Amino acid sequence: IDGIAEMNVTFIVSFSLLSCFTRILDDDSRSFSPVTASGGWSPLNSDQHQWLQIDLRDRMEISGVATQGIHGSPDWVTNYLLMFSDTGSGWKQYHQEDGISTIPGNSNADNIVHYKLLHTIRTRFLRFVPIDWNSEGRIGMRVEVYGCAYKSDVADFDGRSSLLYRFNQKSMSTVKDVISLKFKSLHSDGVLVHGEGQRGDYITLELNQGTLALHINLDDSKLQSSASSHTLVTIGSLLDDQHWHSVLIERFNKQVNFTIDKYTQHFRIKGDCDSLDVDYELSFGGIPLPGKPGTFLRKNFHGCIENLYYNGVNIIDLAKRRKPQIYTGNVTFSCTDPQITPVTFTSSTSSYLLLPIESQADGFSIRFQVRTWNRDGFLFYTQLYQESEHLLLFFSHGKLKLTYQKSLFEKTEMTTGSNLNDGLWHTVSLSTQGLQVTLQLNNDVPSTMVTKTQLISVDSCYFGGCPSNIKDLKCKNPTLAFQGCMRLIFIVNQPVNLILVQQGLIGNFSDLQIDLCAIQDRCQPNFCEHGGQCSQSWNTFYCECSGTGYTGVTCHNSVYEPSCEAYSHSETTSGHFLIDSDGSGPLGPTLVYCDMTEDKVWTVLNHNNTEMTWVQGSSLEYPYSMQFSYSLTQEQLQALVARAEHCEQEIIYRCWRSRLLNARDGTPFSWWIGRTGERQTYWSGSLPGVLQCACGLDENCIDMNYFCNCDADKEQWVNDTGLLSYKDHLPVNQIIIGDTNRTNSEAVYRVGPLKCHGDRNFWNAASFNKDTTYLHFSTFQAELSAHISFYFKTTVGSGVFLENLGVKDFIRIELISSQEVMFSFDVGNGPVNLSVKSPVPFNDKQWHFVNVERNVKQASLQVDKLPIVFQDASGEGHIRLQLNSQLFVGGTASRKKGFLGCIRSLTLNGVTLDLEEQAKLTSGVQPGCPGHCSSYGSLCHNGGKCTEKYNGYTCDCSNSAYMGPFCTKEVSVIFEAGSSMTYTFQESFLSSQNESEQFSAIFTEKNKPRNNITFSFLTTHTPAMLFFATMDLQEYMAIILSKSGYLQIWYRLKKQKETGVLSAGSINLANGQLHRIKIKVKGKHLYVQVNNADNPLVFLSIILSDRPSLDSQVMTAGARGFIGCLSSVQINQITPLKEVLYQSGSTRVLVSGRLRQSSCGSASLDDLKTISTVHSVSGNIPMQVCCLTHNYNLRIYFSYYVYLINNFLQNLFNNLF
């Protein structure tokens, strides 16, 4: 036994040859005399450099171990490492699941603690390395090992040898293959398996830079390009570690399972063929005849292979027995293990290796191999003979850099290589001879520098770092100390015996692991989700999420909203958006058009053929067929439609002597196929399962003997157009038309885009009315990644939102006080708590948003827009959250501390729980949650009123000059030369009121002198009439743009002969830009605001003049009218443009000339130039509005843009004068 500091210490070691799968019980009832015997192993020094090594005499398959302290003493080990090796050197550390290296030991001296290995290991040597022990005692152990004998067939390949397995026939064609083997090697490249056929089939399994690569092709290379049929899959890394790795390839047709150790990839081979056709033979360990058609240059394998099976045939056993179907080329049947001692530098601050160096008269040399994931790290330092000089070798940004420091202010540097932090072994050679310094990396061309003096090293050098406690040394780390592995260290062409270093016989060291390379690939398995690229350092991994559409430390969180409805709440406008219907789930984002111009927010999804299509010459035997593609997967379509409240798709269908349904045998002539893949025979707004069109249901078909208009078979164009709205069948994926082959028979159709509105998940809510009630769902599956988001509102100060338990693990989110939300979980390393505190209470009956995430790297908690709280995961420890109870929402498993209030839109890893449906089945919980306007009412703009709905809210825009779901869509009209509009108050509306009340009907508050006018305009023409109001022919009020583009308010009163003018600044507003005007009369004050200025103009006095020329300016502006765009006009509660545009039957509107609905916000100067040259009146379009008047005693028509607003003017004049 090696590593025992005091050889006369009594110890007992035994090996129990039990079944490899014997269950190890905590309460072992059988005799366990070797461990329970007195004595044990206790080294003289209790430190972490001690270990107990067991030689099992031969390779065994180990399934478990047991430990115990020293009987009757305070000596026991609480945690230890388990290492194994075939040769007694080059150790490998056993890791539990989740990469945990430490194994729990004992808590007293006498109890036996068993540990069953998750995966058996096959080894000859075991080493127990104590990490922690009883603080009141010393290291003390008794151990027992469980396992069974292991037999194998082994072959050793020297890099030039191979085995050939010849088939009994010329060619072997298989649709099913199973290849299994184990290998170990110190070399990063080499072919393990190869076979090929003359028509282009091949299969190659090879090591490539320490990764296993499988190349396979099943198609004839003469018929298919190699790029389209070649399949390449890689798996594993760091496989050149001289330890055994298990490989299993299972192929059935084009489906393949590819396994290395415990990691499996499932993939499908490209191409059309299912069989693998291999000619003559399969080769193992190399390609014997490179240059054959279809082969490619590869190195042969150098290492050992055992238990090699091809489709049940033991290849090595046949070779050992020298069977004729096996050709053996320089292969031996025992495994040669080279004696190489690696060393691991574990600390980025304190690791170093001090070694003696004996320089020759003309210089010195060093050589070593190194592998790491870190971009920066100290490699080598030596003081030179001249005290001020030294050589320093280190990694910088993945490059190898050498610095020769001549003096404090003089140095020379050279750099070579790149991306040297790739985890591969790299050979570094440094030598000095005479005045020349030579640096070589791998087999690259050496780099040299010339010095002025000969460089001779002093008697020592440092690898990996410098001691921090030596103050007078000039050895300073230019970067971090090295973290990684070194091996094959040579100084002056002599190998360094690191075992002697370990035993303290030469040199010195700190924070090293000698005789093993403990590098781990933290990107295997890859925890980066959604296609994120994994990179790593020695201690952790990083995910590059650029271009994935996801963010976060593991690319888990979607950067896109889940629906157009969600986008609308961020006050965006219509446009194309990427939506991610399942959020952080596996489905990717998809591009849709979000139409936010109507009262509902529509998601519009186009397909590849939205044009009118004519069909002729089709029959039931040879029908016409069109497939529609929606540029997203069926799973994405399913998620999008399922999330919507309503979906519809229009099919325009017109026919001339072409029938839809009425075949004599009942078979329909035409049908369509939806998302379910089933044939659908209902049309134009009919119902599923009903062989009819909408006219059949409404009983208004042109021939009542049929259920579709087209089935009347008329020699005229008839129509069966309508909407399909049963969303489980949508969208339409295919249409089939089969009755257009008769004389003069034809049909024309158009399948519109899929349109959906609403978001069932966004408003899915439940109200918890008792603190003892809860909803329960199936267990939350979130071993490696948990993302939970929801909204809540409450009036109480505490309560549990959700909880899910395991045996020891748990996850919980709760309101622990009125101003604090806490996220708690435990994955086996102890509870972790994250909390967010708010300066204002959360129990304010407003909706609050909670977003939590937990993954293998980090946990986070965000509430509303408060700062996010993060907690990094520990570098060592459990990473899997193992839950097994039901998920409780609104309460806990103990039914204590329940939640009172509402929870909405609860989403777990992209899946929104149906709270409403579950609430219907649960007493004390109500589906839905009232009071949305208290939180979202502010989203209704421009005077829109928030109205509650069962599952959300709507904005009532009836009293606003705007339209749209949030009253933000401008209502705009372009006026051309010669166009006009008249708005008339109906006489019947005024007849029952006296004259003092006749004009108060347009005011919301009759007796309060407050009146408002708002509108926006865009023009380049002056002068222009923007607003005109009159009581009769002698008095009026006008808002105009002067010839210079200035805004002016003109008026004449009946009581006065003079004309007054109010000037609102000296800015040219006829500049082709959109300007917003607000005029408010309050008491005797008149406020004019231009373009949302912070300080509106306030007029308290009036400029009067009796010059008749003033009236002429108003008349000139009126004669010119208005040419431009007018938008969002509102006079108190009256919105004349909306009435004209959206109430086409209104009798109060009269339109003359050509008016066009438009968007002033998007109108350009070119638009204005265009409308200024249009003078023709091409039909009256009853969609635009220009003028207001009333017909009580007078009707006035202005030919351009005139508003007759009597009561406003009456109140305005009365209030000002």
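This text goes with the structure placed above it.
Anyway, here's the lowdown on the structure attached to this text. All values reported here derive from a predicted model rather than from experimental measurement.

## Considerations on the overall build of the protein
Next up, step 1: Regarding its fold elements, the protein presents 15 helices and 86 strands.
Next up, step 2: Residue burial in the protein is summarised as follows: out of 1217 residues, 53% are buried.
Next up, step 3: Excluding contacts between residues fewer than 6 apart, the proportion of contacts in the protein whose partners are at least 24 apart in sequence is 69%.
Next up, step 4: Taken as a whole, the protein presents about 53900 Å² of accessible surface, with 49% of it coming from carbon and sulfur.

## Quick word on the nonpolar core
Note that soluble globular proteins tend to have their nonpolar side chains buried in a common cluster.
Next up, step 1: One finds Tyr653, Leu660, Trp683, Val732 and Tyr749 to be the most contacted residues of the largest nonpolar core, which totals 43 residues.
Next up, step 2: Counting only elements with at least two residues in this core, the list comes to α5 (564–568), β41 (575–579), β42 (590–595), α6 (634–643), β46 (646–656), β51 (734–737), β52 (746–751) and β53 (754–757).
Next up, step 3: No other element matches β46, which puts four residues into this core.
Next up, step 4: Judged by nonpolar contacts, the second largest core, of 41 residues, contains Leu212, Ile260, Val278 and Leu318.

## A look at the pairing of strand β77 (residues 1047–1052)
Each regular strand carries side chains that alternate between the two faces of the sheet.
Next up, step 1: For β77, the buried fraction is high: five of the six residues fall into the buried class.
Next up, step 2: As defined by bridge partners, β77 adjoins strand β78 (residues 1059–1063) across five bridges and the pair is classed as antiparallel. The residue bridging glutamine 1048 from the neighbouring strand is serine 1063, located in β78.

## So, α6
Next up, step 1: Residues Gln636, Leu637, Leu640, Val641 and Arg643 constitute the buried set of α6. Looking straight down α6, one finds that the buried residues subtend no more than 165 degrees of arc, so they occupy a single side.
Next up, step 2: Each element contacted by the buried residues of α6 is listed here: β41, β42, β43 (602–605), β46, β53 and β66 (911–912).

## Some details on the environment of glutamate 1058
Next up, step 1: If you trace the backbone, glutamate 1058 turns up in the loop between β77 and β78.
Next up, step 2: Taking the C-alpha atoms as reference points, glutamate 1058 and aspartate 1111, 53 residues apart in sequence, are found 9.6 Å from one another.

## Quick notes on the state of the cysteines
Next up, step 1: In total, this model carries 14 disulfides according to the counting rule given.
Next up, step 2: There is a disulfide in this structure between cysteine 545 and cysteine 555, and the S-S distance comes to 2.0 Å. Since a negative S-S torsion denotes a left-handed disulfide, the cysteine 545-cysteine 555 link at about -95 degrees is left-handed. Placement of the pair is cysteine 545 in the loop between β38 (541–544) and β39 (550–551) and cysteine 555 in the loop between β39 and β40 (557–558), with a sequence separation of 10 residues. Summarising the burial analysis for this pair, cysteine 545 and cysteine 555 share the class buried.
Next up, step 3: Between the sulfur of cysteine 940 and that of cysteine 955 lies a disulfide, 1.9 Å long from S to S. With the S-S dihedral at roughly -80 degrees, the linkage between cysteine 940 and cysteine 955 falls on the left-handed side. With a gap of 15 residues between them, cysteine 940 in the loop between α9 (933–936) and β68 (945–949) and cysteine 955 in strand β69 (residues 952–956) connect regions that are remote in the sequence.
Next up, step 4: Judged by its relative accessible area of 10%, cysteine 940 falls in the buried class.
Next up, step 5: Relative accessible area serves as the criterion here: at 12%, cysteine 955 is assigned to the buried category.

## Focus on the environment of threonine 372
Next up, step 1: By the element assignment, threonine 372 lies in the loop between β24 (365–371) and β25 (377–383).
Next up, step 2: In sequence terms threonine 372 and serine 537 are 165 residues apart; their C-alpha atoms lie 8.0 Å from each other.
Next up, step 3: Excluding residues within four positions of it along the chain, threonine 372 makes contact with Phe395, Leu420, Asn421, Asp422, Gly423, Phe482, Gln483, Gly484, Ile519 and Trp538.
Next up, step 4: Among the polar contacts listed, one links the side chain of threonine 372 to the backbone oxygen of glutamine 483, at a separation of 2.5 Å.

## Some points on the side chain of asparagine 855
Next up, step 1: On the secondary structure map, asparagine 855 appears in strand β61 (residues 848–855).
Next up, step 2: Accessibility expressed as a relative area gives 3% for asparagine 855, which makes it buried.
Next up, step 3: Within the structure, the side chain of asparagine 855 is placed 3.2 Å from the side chain of glutamate 853, a separation counted as a polar contact.
Next up, step 4: Among the polar contacts made by the side chain of asparagine 855, one reaches the main-chain amide nitrogen of lysine 857 at a distance of 2.9 Å.
Next up, step 5: In this structure, asparagine 855 is in contact with Val553, Thr554, Leu784 and Ser785, ignoring residues within four places of it in sequence.

## So, the packing of aromatic side chains
Next up, step 1: Counted by the stated rule, this structure contains 30 aromatic pairs.
Next up, step 2: On the basis of an interplanar angle of 65 degrees and a centroid distance of 6.2 Å, the ring pair of phenylalanine 792 and phenylalanine 842 is categorised as edge-to-face. Here phenylalanine 792 is found in strand β56 (residues 785–793), whereas its partner phenylalanine 842 is found in the loop between β60 (832–837) and β61, with 50 residues between them in sequence.
Next up, step 3: Linked through ring pairs, Phe768, Phe790, Phe792, Phe801, Phe842 and Phe899 together constitute an aromatic cluster.
Next up, step 4: For the cation-ring pair, lysine 857 lies above phenylalanine 541, with the distance from its terminal atom to the ring centre recorded as 5.2 Å.

## Remarks on the side chain of arginine 59
Next up, step 1: Mapped onto the elements, arginine 59 comes out in strand β2 (residues 52–68).
Next up, step 2: Separated by 2.8 Å, the side chains of arginine 59 and glutamate 306 make a polar contact.
Next up, step 3: Sequence-distant contacts of arginine 59, that is, excluding residues within four places in its chain, are made with Asp86, Arg122, Thr123, Arg124, Tyr150, Ser152, Trp244 and Glu306.

## What about the sheet that holds strand β59 (residues 820–826)?
Next up, step 1: Spatial ordering of the open sheet is given by β55-β64-β57-β58-β59-β60, a layout of six strands whose pairing is antiparallel. Each edge of the open sheet is held by one strand with a lone partner, namely β55 (775–777) and β60. With direction set aside, neighbouring strand axes in the sheet form an average angle of 15 degrees.

## Here's the deal with unusual backbone geometry
Next up, step 1: In this model, glutamine 524 is joined to proline 525 through a cis peptide bond whose omega is 0 degrees.
Next up, step 2: For tyrosine 280, which is not glycine, the phi torsion reads 70 degrees and is therefore positive.
Next up, step 3: In this structure, tyrosine 280 sits in strand β18 (residues 276–284).
Next up, step 4: Taking the relative accessible area as the measure of exposure, tyrosine 280 reaches 40% and is therefore partly exposed.
Next up, step 5: Positive phi, normally seen in glycine, also occurs at serine 631, with a value near 55 degrees.
Next up, step 6: Accessibility expressed as a relative area gives 67% for serine 631, which makes it exposed.

Each value, and the rule that gives it
Residues numbered from 1 in each chain as written. Predicted model: local features only at pLDDT ≥ 70, side-chain atom pairs only at ≥ 80, totals over all residues. Heavy atoms only, no water. Helix = DSSP H or I, 4+ residues; strand = E, 2+ residues; numbered from the N terminus. Buried < 20%, exposed > 50% of the residue type's maximum accessible area, 1.4 Å probe, protein only. Contact = heavy atoms within 4.5 Å. Areas by Shrake-Rupley, 256 points an atom, 1.4 Å probe, with all protein chains shown as cover. Core = buried A, V, L, I, M, F, W, Y, C linked by side-chain atoms within 4.5 Å. Pairing = 2+ DSSP bridges. Arc of directions from axis to C-beta. Disulfide = S-S within 2.5 Å. Polar contact = N/O pair within 3.5 Å; in protein donor to acceptor, adjacent residues only side chain to side chain. Phe/Tyr/Trp six-rings, centres within 6.5 Å; stacked < 30°, edge-to-face > 60°. Lys NZ or Arg CZ within 6 Å of the ring centre and 35° of its normal. Axes fitted to C-alpha atoms, helices over the stretch in contact; angles between N-to-C directions.

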